[in-house]
Amino acid sequence: MRPTLPPCAMAPAMYQDETLLNPPGRRDVTVEQWRDYLSKRDAAHRRCAGCAVLADCLYRAVVDVDVAGFLACTSEAERRTMRRELGIEVQVDTSPYGTARVGGGPVDHAEVMGARKAHPDETCRELAQRLGCSTSTVKRHLRQEREGRAEAPVATIEKPTMGQVLDAFDRLDTSRRV
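Residues numbered from 1 in each chain as written. Predicted model: local features only at pLDDT ≥ 70, side-chain atom pairs only at ≥ 80, totals over all residues. Heavy atoms only, no water.

Some words on the overall build of the protein chain
Within the protein chain, the secondary structure is distributed over 10 helices and zero strands. What you see in the protein chain, going N to C, is helices and strands ordered as α-α-α-α-α-α-α-α-α-α. Each of the 178 residues in the protein chain was classed as buried or not, and the buried ones make up 32%. Accessible surface for the protein chain amounts to roughly 11,600 Å². Of this, 52% is attributable to carbon and sulfur atoms. (Helix = DSSP H or I, 4+ residues; strand = E, 2+ residues; numbered from the N terminus. Buried < 20%, exposed > 50% of the residue type's maximum accessible area, 1.4 Å probe, protein only. Areas by Shrake-Rupley, 256 points an atom, 1.4 Å probe, with all protein chains shown as cover.)

As structure tokens, this is what we get:
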């Protein structure tokens, strides 16, 4: 049996629609444009709500990665509301030197050195891909280790549980949900 793809993979155009990515303000559009937006949002909600990976998708979109657009039955604004309620902040990497690291936080020195020890024959680029950071980050940590000046460990922030994220989702304005 082949695995079933999530709705966003089967109908990506639906979730990448400009109207869902940048929802209109109610007072900024005609009645017809507002109905069009609601129709698109409701269709995306119905498909998302039936997805087998909805809870995991929602958790990652709220806690781990600041994702643009409509995802896991939520808009960007709704995910920001949930983060405020949960007291968490997801960093967005706007650096031109690499993509945001999954988890939103920096790679700590011990993590880089552990990866180097476990995979001594990998290039810095391969280690960076393994760790989800930039090549320059790996090089910096390796240089600091050679020079004997390792960075202080990065403070970890306790992440909310799946239950807490789902409770925050339930508290969103339910009149707007399908």
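Brief notes about the nonpolar core
Grouped together as the largest cluster of nonpolar side chains are 22 residues, with contacts concentrated most on Leu58, Val62, Val63, Phe70, Met82, Val165 and Phe169. When contributions to this core are tallied by element, the ones reaching two or more residues are α4 (31–49), α5 (54–64) and α10 (162–171). It is α5 that provides the largest number of residues to this core, a total of six residues. Among residues more than four places away in sequence, those in contact with phenylalanine 70 are Tyr15, Leu20, Leu21, Arg41, Ala44, His45, Cys48, Ser75 and Arg79. Grouped together as the second largest cluster of nonpolar side chains are 10 residues, Val107, Ala128, Leu131 and Cys133 included. (Core = buried A, V, L, I, M, F, W, Y, C linked by side-chain atoms within 4.5 Å. Contact = heavy atoms within 4.5 Å.)

Let's talk about the packing of helix α6 (residues 76–86) against α10
The axes of two packed helices give the description: the angle between them and the distance between them. It is the contact of α6 with α10, at a shortest axis distance of 10 Å, that shows an interaxial angle of 125 degrees. Judged by the inter-axis angle, α6 sits oblique to α10. As α6 runs across α10, the sense of the crossing is right-handed. For the pair α6 and α10, the contacting residues are Met82, Glu85 and Leu86 in the first and Gln164, Val165, Ala168, Phe169 and Arg171 in the second. Of the residues in the contact of α6 with α10, the class split is five nonpolar, one polar and two charged. (Axes fitted to C-alpha atoms, helices over the stretch in contact; angles between N-to-C directions. Parallel < 35°, antiparallel > 145°, perpendicular 65-115°, else oblique. Left-handed = near helix turned anticlockwise from the far one by under 90°. Nonpolar A, V, L, I, M, F, W, Y, C, P; charged D, E, K, R; others polar.)

A word on the side chain of threonine 74
With respect to the helices and strands, threonine 74 occurs in the loop between α5 and α6. Owing to a relative accessible area of 0%, threonine 74 belongs among the buried residues under this scheme. In terms of polar contacts, threonine 74 uses its side chain to reach the backbone carbonyl oxygen of leucine 71, at 2.6 Å. (Polar contact = N/O pair within 3.5 Å; in protein donor to acceptor, adjacent residues only side chain to side chain.)

Here's the deal with α10
Looking only at α10, the buried set comprises Val165, Ala168 and Phe169. Down the axis, α10 shows its buried residues gathered within 105 degrees of arc, on one side only. Turned more than 90 degrees from where α10 packs its buried face, Asp170 and Arg171 sit exposed. Residues of α10 that are buried in the fold lie against α5 and α6. (Arc of directions from axis to C-beta.)

Focus on the pattern of salt bridges
Between side chains of opposite charge, pairing is possible as soon as their charged atoms come close. The full count for this structure, using the stated rule, is seven salt bridges. Between arginine 41 and aspartate 42 there is a salt bridge, and its shortest N-O distance comes to 3.2 Å. You can call arginine 41 buried: its relative accessible area is 10%. Linked by salt bridges that have partners in common, Asp17, Asp36 and Lys40 make up one network. (Salt bridge = Lys/Arg side-chain N within 4 Å of Asp/Glu carboxyl O.)

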